[in-house]
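# Coordinate inspection notes
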Amino acid sequence: MLTTLIAPTAGTAEVAGFDVTRDRAAVRRSIGYVGQGNAAGHQYRGRDELIGQARAHGLSRGDARARTEELLAAFDLTEHADRPVSQLSGGQRRRLDVAIGLVQEPAVLFLDEPSTGLDPQNRVNLQEQVRRLNAELGTTIVLTTHYLEEADALAGRVIVIDHGRVIADDTAAALKSALGDLVSLGFGSSADAHAAAARADRIPGAHVTVTDAGVTVRAPFGRDAAPGLVADLAAAGTPVTRMEVVGPTLDDVFLNLTGRSLRESKGEAA
Amino acid sequence: MTIEITSARDTAPATASVRRTAVASAPVGIVADIRNVFVRELMPVLRNPASVLFAMVQPLVFLALFAPLLPDTGTGSALQWFVPGIVSMTALMSASFTGANLSEEIISGSFERLLVSPVRRSALMIGKSLREMVPLVLQTLVIVVAVAPFAFDVHLAGIVGGILLLVPFSVGLGALSLALAVAAKDQAWVFWTVQQTAIFPLLLLAGVLLPLDGAPDWLQLMADLNPLHYIVDAERALFAGDYPVDTIAGGVTGSVVVGVLGLWVGVRAMNRAS
């Protein structure tokens, strides 16, 4: 939708200051797009496709050639530039896709699940390129991914979209700390566990569950609150026998958010 | 819901270290747009010219095996009558194949990249269709050279006019073929089935292979509704060096109608492509 491929059914959106329905041509000039498929036709040569894309963006013949050689060099593709794209390896094709997306030095670059099908080395390379683009040219990068570690590592702003609705929009750090750490405590008896649960409930923002002789507490800054809680519980005669603190991942954030929204939609249906 | 994505460039200073060539996307005129698409489409052939040699020979084979069966008509030689028909048939075939390569490009992803690029939808279709005319022009030259020693009068102006007459028709039919490929998506068999089903009635009802003079009324009526019929009649006049205004006007009308209709359908199909 933001790349003008699909018209929105409702609402408005602006990319680089241009409306995606009223000013499509300007949006298309402003964005680079790396889709899930390959940008270069398989019967074509990488160099020809880069020059063609540059010409489509209105670069003169000379500039298109110069820009093409720069990009080929930057993505380590110069020696593969005159082979048919169908003969390139997956990693080489992906680098060519990104190079084509960057031909006119776009203000906004869309990367649609760019690391799907890449081996770990190429994935790290790609992440490095993305970081450099953002740091050196100030390119805004919109990255969609199912690898949430990738979003965590790269993104300054994480938006979670579920069934077409934005359900979260913040930095990865803020999203994670809002969900909080998971503190698991073990006790000598089930009675101890229930007594402890009542006490743990006093931690601000805590979400407490009791299982047999155990208590799990999900709370913002849970790792900071845990030592105090353990000391309190020992003083109250319900000593902790085992403890584990796990920091939240974006996966947890995602599951928590989408799980909640699933429950909400069930509630609406009922 | 409103999502706004603003450029970080407004706030972050751009460092010049990575860039040496000054690049900025600028609007491209429609003619340059068409030329860019045309040049891109031609690239695989330019890089591998041997791939078109077979296409060059095809109409010759057809001509060699079919023309001897035709009796000379009262008005002229069989070749004089048959060659313009073969040229029209070749245009019909190559234009209707325009979409064939698109399935591959849809599956690989390069078509999506073009849809997001600033290239106009109409330029995509016109450029791709015009590229299909390149072999047609070469094939026509090969045919004319091959038949010139026999009972065939070469009228150069008429041949050039005949090829120009086929341009709107080829663009329109090419656009329809692309629309069909877009609708068929990754199911290539849908494309081929529809294309084959459409091609033969068009061909037979245009009087390309056999004259329609003795046709029953219902067949005559269907032929009268076929734009290619008027184009073929005009081609025959042009190749013979005759320029009867009504026949040529009929051919031009038929060609332009297909061109406009095809582009209109094609652009709509592409806008709904994804």
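Structural data are supplied above this passage.
Described in the following lines is the structure provided in the data block. Note that the structure is predicted; figures quoted are calculated from it, not measured.

Residues and elements named next belong to chain B. Ranked by size, the top nonpolar core spans 39 residues in total, and within it F82, V83, L166 and F169 carry the most contacts. Taken together, the elements giving at least two residues each to this core come down to α3 (78-96), α6 (121-147), α7 (156-184), α8 (188-204), α10 (227-239) and α11 (245-271). Not counting the four nearest positions on each side in its chain, V83 is found in contact with L63, I143, V147, F152 and F239. The next biggest cluster of nonpolar side chains, apart from the first, holds 35 residues, and it includes F111, L115, A175 and M270.

Taken together, the contact between chain A and chain B spans 53 residues of the former and 47 residues of the latter. Between chain A and chain B, roughly 4,500 Å² of surface is buried when both sides are summed, and carbon and sulfur atoms account for 51% of that area. Summed over the shared surface of chain A and chain B, the number is three salt bridges. Between A:E49 and B:R113 there is a salt bridge, and its shortest N-O distance comes to 2.9 Å. One can count 12 residue pairs in polar contact (both at pLDDT 80 or more) joining chain A with chain B. Contributions of two or more residues to the side of chain A that touches chain B are made by β1 (12-15), α1 (24-30), β3 (31-34), α2 (46-56), α3 (61-74), α5 (120-137) and β5 (140-144) of chain A.

Now for unusual backbone geometry. Residue and element names in this part refer to chain A. Look at D76: it is not a glycine, yet its phi comes out positive at around 60°. Given the relative accessible area of 52%, D76 is considered exposed. Phi at E105 takes a positive value of approximately 50°, unusual for a residue other than glycine.

Let's shift gears to the packing of α7(B) against α8(B). For any two helices packed against each other, the geometry is given by the interaxial angle and the distance between the axes. Residues and elements named next belong to chain B. As a packed pair, α7 and α8 sit with axes 8 Å apart at the nearest point and diverge in direction by 145°. Crossing of α7 against α8: the hand is right-handed. Of the residues in α8, those touching α7 at S177, L180, A181 and A184 are V190, F191, V194 and Q195.

How each quantity is defined
- Residues numbered from 1 in each chain as written.
- Chains lettered and ligands numbered in written order.
- Predicted model: local features only at pLDDT ≥ 70, side-chain atom pairs only at ≥ 80, totals over all residues.
- Heavy atoms only, no water.
- Core = buried A, V, L, I, M, F, W, Y, C linked by side-chain atoms within 4.5 Å.
- Buried < 20%, exposed > 50% of the residue type's maximum accessible area, 1.4 Å probe, protein only.
- Helix = DSSP H or I, 4+ residues; strand = E, 2+ residues; numbered from the N terminus.
- Contact = heavy atoms within 4.5 Å.
- Buried area = accessible area lost by both parts, 1.4 Å probe.
- Salt bridge = Lys/Arg side-chain N within 4 Å of Asp/Glu carboxyl O.
- Polar contact = N/O pair within 3.5 Å; in protein donor to acceptor, adjacent residues only side chain to side chain.
- Axes fitted to C-alpha atoms, helices over the stretch in contact; angles between N-to-C directions.
- Left-handed = near helix turned anticlockwise from the far one by under 90°.

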